[in-house]
Each structure stands twice: as C-alpha cells, then as structure tokens.
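Commentary on secondary and tertiary structure
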Amino acid sequence: MTPNEAISYIENYGWSTTRLGLDRTKALLAALGDPQKSLKIVHVAGSNGKGSTCAMLASIMREAGYKTGLYISPYIQEFGERIQIDGENIPGERLAEITERVKAIADAMEDHPSQFELVTAIALQYYKEENCDIVVLEVGMGGALDSTNAIDAPEVAVITNIGLEHTEYLGNTLEDIAATKGGIIKTGCHCVCYDSAPEVVSVIRGICEEKEVPLTISEYTRVEPVSCDLRGQVFRWDDTEYRLPLLGKHQLHNAAVVLETVESLRERGWSISEESVRSGLAKVTWPARFEVMSFDPVFVLDGGHNPQCAEALTDALRTYLPERKIVFLLGVLADKDYETILDMMMPFAEEFVCVTPLSGRALPGDELARIINERGGRAGHSDDIASGVLRAMELAEGYPDAAVVAFGSLYLAGAVRTEFRAAYRKYLRRRSIKAREALTAVERYDKSRRIALGIVTSPEFITADTVMLYKWTKGEVQLDILEEFRAEKRLVYPLCVSRTEMVAVEPGKGEDAWKEGAFGIREPVLEKDRIVPPEEIDLVICPCSGFDEDRNRLGMGGGFYDRYLPKCEKAAKIAVAFEAQKIPEVPTDEWDVPVEAVFTERARY
C-alpha cells in the first residue's frame, strides 16, 4: 500500500457517516493490542476552541522536552496534519504501513468501523510505536460516544467552550451537549473546564463530583491583556507575561484553559518549567484561524464556517483591522447558514470575490456573488481559488489601507493555504514590475548608470575574469556600461535553449551574433564552441522583479536563473533592480538561490 492508496482508502471509506458508539473502536484497538493503554493522554472536548487548545498544549509539552503526539481534525492542507508528533506530520510510508494493518482487521469486522474510528486507531497505534511520552487527543464530535473515548482515564480531561452544535446527535440544550462532552471525564483523571455558561459548568461539576475527579474552572479574570497587533498578542496571567501568536480575544480564553491544564499536569507529576510554557505559547501555530498570511497587503485567512465563527471574526476585525476597508475572498458550503454569515460580514465589506470551495457540497461562486449583489453588496467571482486570491489582493490595492480576509469554509482555507504562496509571489512580481515601469526612460537610464558604476567598483566585479550579465528589455536595469569592459573581462550572456534550460554563451562579433529570443530578449546566437561551462563563470549578474532588505529576490517568472545558478558553484551571485522594486518581504521557496548582494541606484544590500 502506498501513502496515496492509504489516504484514498480512508477518505473514500464506505462507512464515512457519523456512527456514534465505542464498540467498533474498542474491537479494532483490541485486535491491535490495545495501543491506547500504554499512552498518557490529555483528552480535549468542546464545541469551539478545542483545536487551538490542543495546539497550545502540544507546543508547551514539546518545549518541556516530552515526545508529544497531537491528534486533530479536520486537516487543512494535508491528511497527515491529523496525526503529528513533535509538530511533524506522520510520514506517508508510516501511514501506509499502519493503515494496511488496520485495514486487514477492519475489513474483517462484521460491524465495520467508521472513517473517523479508522483514523483514531491508526493514530493511537502510531503514537504507541513511536513511544510518545504524552498525546494531546482532540475529540471528533461529542465526547461520551466519540471513538477517541475508547481510552482509559486520561491525565486531564479538558472541556473547552460549549455551544449548540450537532443537535441531531448531541441533544437540543446546552445541558444535554455538556453531558455528552463530559463523557470524557473518568475516575482517576483531573478535569479543566472553560468558564462557559452557568448551566454548562453545573453539568460538568456534577459529573466530576460523581466520579470524584478534581475540577478546575478556568478564570478568565486572571488574564490581563497587555497589547495586540497582527503579529500576536501579549497578556499577563497572574504576574507572568506571555506572548501568543494566535489572534482574537477568544484565544486568550483558550490560553486560560491551557494554563490551568498545565497546572493540573504539574500536580500529576509532569515537569513543565515556566520557560517551557512561555516558549510553547510563543511558538504555537494553528493554521487558518485568523492567520495572517501576509502584511503587504494584509491578507488574513480564517477557516470559520458558521455564525459562531463569524461572530468571532467580526470581533477580531474590530480589534485588529479597525476602520479598514475589507475585501472578502468568500467561499461557502450550500448546506451551511451562509445567509447569517453574510448578514454579519456585509457591514465590513467593500467588495467580495466569490469562489467555489473544493467540495461537492459547495455553493458555486457565481451563485454566491449573485446572492450578495441582490443584497446590495458588490461581488464578483473567480473561476478558481488561485485566481481568486490574486484578484482579491489586486482589488485591495485600489483602496487606501485595505485588507483581504478569506473566510467561509475549511475547504476554502486549505485551498487558499496551498495556492497562496505562488499567488502572492505573482502579485508582488506584478506590483514591482508596475513600479519599475512607472519610471520614465530618462530615469531608468540615469539610475541604470549609477547601478552599473556601483557594480564595476565592487570587489566581485574587480576580481572576476568571466562575468555573466544580460541584455536588458522591458524596463529592466540597463547594464550596457559594463560592456565597455569587454577588453578586460570575458562577458557571457544567457541563452534559453528550451522551456526549462539556460546556458551561458560568449557572443561573436557583429549584429549577426545576436537574435531575438523566445521571451523577446536579445540572446547570442548559439555556437557550440562558444558555450561557456558554468564552472568557468566568476560572477553572475541577474535581473529580478522585486527584492527585500534581506537580499531575497523575486525572479522574472521563468525560473531560468534559479535552475542555472546552482551550477555556478564558484561564482559570486548578485542581483540588480531599481529602488522602486523594493518590497517589505519576499516570500521565499526552497528552490530560490540566495545572492550575495542586490545593487540599486541608491544602495548595495
């Protein structure tokens, strides 16, 4: 079984509907040797905030030096996110190996397990085989009859905020739902409960008294907010100050639960230093929960998909983006209460870009745009999510101090996270090229001469015998002045010989030695005896469409230089651009080749 076959088997499982009950999971785990019985577990149930709470707890325990498993659902981008150890997704080959074993057992069972029960068994088996010190286990739905509740008494049973949800399965009142969630509380554990509605706390308290379990109700009054901005928030808990990168007031409530849980773990003998807590909270990541993907423009991604999440989002917008115009990138599922969500978002919206989430239950983007326009909003749609991301950023550029907020579905959030980096690089490239093209021909010529003079006086150029440069076009930095040094240096130029391959060629004499290349750039005519091996090049000067102060650069879009530069092992590598092409931060990719310097008319970076 390959990793893809394992994921396909799980995700296309015939019994994927909700089937509450523990018998199937217990039978499956028993056939595996009851891996859960050798694990120490923090079990987390609740309606809202349980994922963030799990992420914080896992980060703290990892910083405390414990090998920490984390089991969450759903995933945002990759299936392996659901099963992690020390922040790393389960490797594909391990997932395939364990799934194949579990499949043989599950397929032979008369009462076939559900999809979620399969994943729970796979995760618990993985944590046992990897000898985890502790596992932070998130309940899928409910508590008492959720497959994760096949475990024995956990170290701590954590109950996060409880609201009305899944009423067809969990009950029609807060008391009913609290009783179901409280089913994870077992004699022998500690319990920490979010400071929820009084009726919720009363139910949880009653369960703890019945089972003689020590109970702590988190006290949000002990949290003192200090500061917050888009890079995170600072708060005090008693006399200690913490930094939390997760945004929103609700995350401070979750942090209070986490700190109380840490105290309960300490009482049970776990060694967790104060520095581990501070470091764990400061390093926690939790994608698609008011996640800031970029700061220029501000692009926020939130996987919220119901009115409760929308309420938390509007609160965050008032806190972190007050008075800003918002361009929403919106995609929803047809079976969700999207009309209530729209009512809550409309007062904040300047424009909507509507897309279709990657789900068979999705409301088509063009239909969503029509509904918004009929309600008096301004909306258009994009055919795919990548173009929607780009379109939303370009629209935000047209408003002063605008921000983009992507919202509406976890299916949308996963796709946005997958597509964002490439779309953002394309946006930055377009913006930087636009800034370059805004320069007049006279300005470009004057600035180009200053850049070239800076290069010829640089140690990289002075010590080089063979220099690779380029023929400028489309407003790039003009390096003609360097050709005055032809007698002193061997100058070579790039030639694209295929859609992916570039070579360096020393041109012949006369105009016949040049031709117009496939990209409208003057290139030397290919003569095999004039191809210069990359190991002979001492200096490569490459154009870029944008750069930042840390010398990260955006290529011109074709990727030719990044494929060629690694071959020039001994060569110094510099980039050239106009100061107008400087951007605050370039998102880097693993294939980007760093340069020693970026030369502009104003500075050497």
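Worth saying up front: this structure is predicted, and the values here are computed from it rather than measured.

A closer look at the overall build of the chain
Scanning the chain from terminus to terminus reveals 18 helices and 28 strands. Seen through its principal axes, the chain has C-alpha atoms that stretch 95 × 55 × 50 Å. Here the chain holds 605 residues, and the buried ones make up 56% of them. Here the analysis covers contacts within the chain between residues at least 6 apart in sequence; of these, 73% occur between residues at least 24 apart. When the accessible surface of the chain is totalled, it reaches about 25800 Å², and 47% of it is carbon and sulfur. One way to put it: in the chain the 69 positive side-chain charges average out to a point 4 Å from where the 97 negative ones average out.

Things to note about the pairing of strand 15 (residues 349-354)
Across five bridges, strand 14 (residues 325-330) lies against strand 15 in parallel orientation. Looking at the pairing, Leu329 lines up with Val353 of strand 15. Where strand 15 and strand 16 (residues 379-381) come together, three bridges link them in parallel fashion. Note that in strand 16 the partner of Val353 across the bridge is Gly380. A crossover links strand 15 with its parallel partner strand 16, the connecting element being helix 13 (residues 365-374), and its sense is right-handed.

Description of the packing of aromatic side chains
Under the criterion given, the structure shown has 12 aromatic pairs. Seen from their ring centres, Phe420 and Tyr424 are 5.3 Å apart, and the 20° between their planes marks the pair as stacked. One end of the pair, Phe420, and the other, Tyr424, are both in helix 15 (residues 410-437), four residues apart, so they sit about a helical turn from each other. Judged on exposure class, the residue Phe420 and its partner Tyr424 are both buried. One aromatic cluster is present, formed by Phe299, Phe420, Tyr424 and Tyr427 through successive ring pairs. Looking at Lys471, its charged tip hangs above the ring of Trp514, at a distance of 4.7 Å from the centre. Directly above the aromatic system of Phe560 lies the positively charged group of Arg563, at a separation of 5.3 Å from the ring centroid.

Some words on the packing of helix 4 (residues 92-107) against helix 5 (residues 115-129)
Between helix 4 and helix 5, whose axes approach to 10 Å, the crossing angle comes to 125°. Considering the angle they form, helix 4 stands oblique to helix 5. Seen from above, helix 4 lies across helix 5 with right-handed handedness. Residues Arg94, Leu95, Ile98, Thr99, Arg101, Val102 and Ala106 of helix 4 pack against Leu118, Ile122, Gln125, Tyr126 and Glu129 of helix 5. Here the residues of the contact of helix 4 with helix 5 sort into seven nonpolar, two polar and three charged.

Here's the deal with the pairing of strand 1 (residues 41-45)
Among the five residues in strand 1, five count as buried, and that is most of the element. Residue alternation in strand 1 divides its side chains into two sets, Ile41, His43 and Ala45 and Val42 and Val44, and both sets are buried. Inspection of the sheet shows strand 1 paired to strand 5 (residues 134-138) by four bridges, in the parallel sense. Note that in strand 5 the partner of Val42 across the bridge is Val136. Bridging between strand 1 and strand 6 (residues 156-159) involves four bridges; their strand directions are parallel. Bridged to Val42 within strand 6 is Val156.

Examining the nonpolar core
In this structure, Ile455, Leu479, Leu482, Ile537, Ile541 and Val576 are the most contacted members of the largest nonpolar core, which totals 48 residues. The set of elements that each furnish at least two residues to this core consists of helix 16 (441-456), strand 18 (466-468), strand 19 (490-496), strand 20 (502-505), strand 24 (539-543), helix 18 (560-564), strand 27 (572-576) and strand 28 (597-599). Excluding its chain neighbours within four sequence positions, the residues that come into contact with Val576 are Ile451, Ile455, Tyr470, Val477, Leu479, Ile541, Cys542, Pro543, Cys544 and Phe599. Judged by nonpolar contacts, the second largest core, of 39 residues, contains Val192, Trp237, Val257 and Trp286.

Focus: the environment of Phe348
Tracing the backbone shows Phe348 in the loop between helix 12 (338-345) and strand 15. Sequence spacing of Phe348 and Arg431 is 83 residues, and the spatial spacing of their C-alpha atoms is 26 Å. When neighbours within four sequence positions are excluded, Phe348 is seen to be in contact with Thr314, Leu317, Arg318, Ile326 and Phe328.

With respect to unusual backbone geometry
The residue after Ser73, namely Pro74, is reached through a cis peptide bond having omega -10°. The omega angle of the peptide bond from Asp296 to Pro297 is 0°, so this bond is cis rather than trans. Turning to its location among the elements, Pro297 is positioned in the loop between strand 12 (291-295) and strand 13 (298-301). In this model, Glu212 sits at a positive phi of 55°, which is unusual for a non-glycine residue. On the secondary structure map, Glu212 appears in the loop between helix 8 (198-210) and strand 8 (215-217). Positive phi outside glycine occurs at Asp401, with the angle close to 60°.

A short note on helix 12
Of all the positions in helix 12, only Tyr338, Ile341, Leu342 and Met345 are classed as buried. Angular distribution of buried residues about the axis of helix 12 spans 100°; they occupy a single face of the element. Residues of helix 12 that are buried sit in contact with helix 11 (307-320), strand 14, strand 15, helix 13 and strand 17 (402-407).

Section: the packing of helix 2 (residues 23-31) against helix 5
In helix packing, the relevant descriptors are the interaxial angle and the interaxial distance, both defined with respect to the helix axes. In contact at an axis separation of 10 Å, helix 2 and helix 5 are set at 35° when each is read in the N-to-C sense. Where helix 2 crosses over helix 5, the two elements pack in a sense that is right-handed. Contact with helix 2, carried on its side by Arg24, Thr25, Leu28 and Leu29, involves Glu117, Leu118, Ala121 and Leu124 of helix 5 and no other residues of that element. Tallied by class, residues from the contact of helix 2 with helix 5 come to five nonpolar, one polar and two charged.

Examining a nonpolar patch on the surface
A grouping of Val497, Leu526 and Ile531 is seen on the molecular surface, where their side chains present a nonpolar patch of about 220 Å² in accessible area. Looking at where Leu526 falls in the secondary structure, it is placed in the loop between strand 22 (522-524) and strand 23 (531-532). Judged by relative accessible area, which is 41%, Leu526 ranks as partly exposed.

Observations concerning the sheet that holds strand 10 (residues 232-237)
Strand order in the open sheet formed by three strands is 9-10-11, with antiparallel pairing between adjacent strands. The open sheet has two edge strands with one neighbour each: strand 9 (223-229) and strand 11 (240-244). This sheet shows a mean twist of 20° between the axes of neighbouring strands, independent of strand direction. By the bridge criterion, five bridges tie strand 10 to strand 11 in an arrangement that is antiparallel. Within the sheet, the bridge partner assigned to Gln233 lies in strand 11 and is Leu244. Along the sheet, helix 9 (residues 249-267) contacts strand 9, strand 10 and strand 11; its crossing angle with strand 10, the most-contacted strand, is approximately 45°.

Definitions and limits used
Residues numbered from 1 in each chain as written. Predicted model: local features only at pLDDT ≥ 70, side-chain atom pairs only at ≥ 80, totals over all residues. Heavy atoms only, no water. Helix = DSSP H or I, 4+ residues; strand = E, 2+ residues; numbered from the N terminus. Buried < 20%, exposed > 50% of the residue type's maximum accessible area, 1.4 Å probe, protein only. Contact = heavy atoms within 4.5 Å. Areas by Shrake-Rupley, 256 points an atom, 1.4 Å probe, with all protein chains shown as cover. Lys, Arg positive; Asp, Glu negative; His and termini not counted. Charge placed at Lys NZ, Arg CZ, Asp CG, Glu CD. Pairing = 2+ DSSP bridges. Right-handed = clockwise from strand over helix to strand, strands pointing away. Phe/Tyr/Trp six-rings, centres within 6.5 Å; stacked < 30°, edge-to-face > 60°. Lys NZ or Arg CZ within 6 Å of the ring centre and 35° of its normal. Axes fitted to C-alpha atoms, helices over the stretch in contact; angles between N-to-C directions. Parallel < 35°, antiparallel > 145°, perpendicular 65-115°, else oblique. Left-handed = near helix turned anticlockwise from the far one by under 90°. Nonpolar A, V, L, I, M, F, W, Y, C, P; charged D, E, K, R; others polar. Core = buried A, V, L, I, M, F, W, Y, C linked by side-chain atoms within 4.5 Å. Arc of directions from axis to C-beta. Patch = residues over 30% accessible without salt bridge, like charges linked within 9 Å, V, L, I, M, F, W, Y side chains within 5 Å. Salt bridge = Lys/Arg side-chain N within 4 Å of Asp/Glu carboxyl O.

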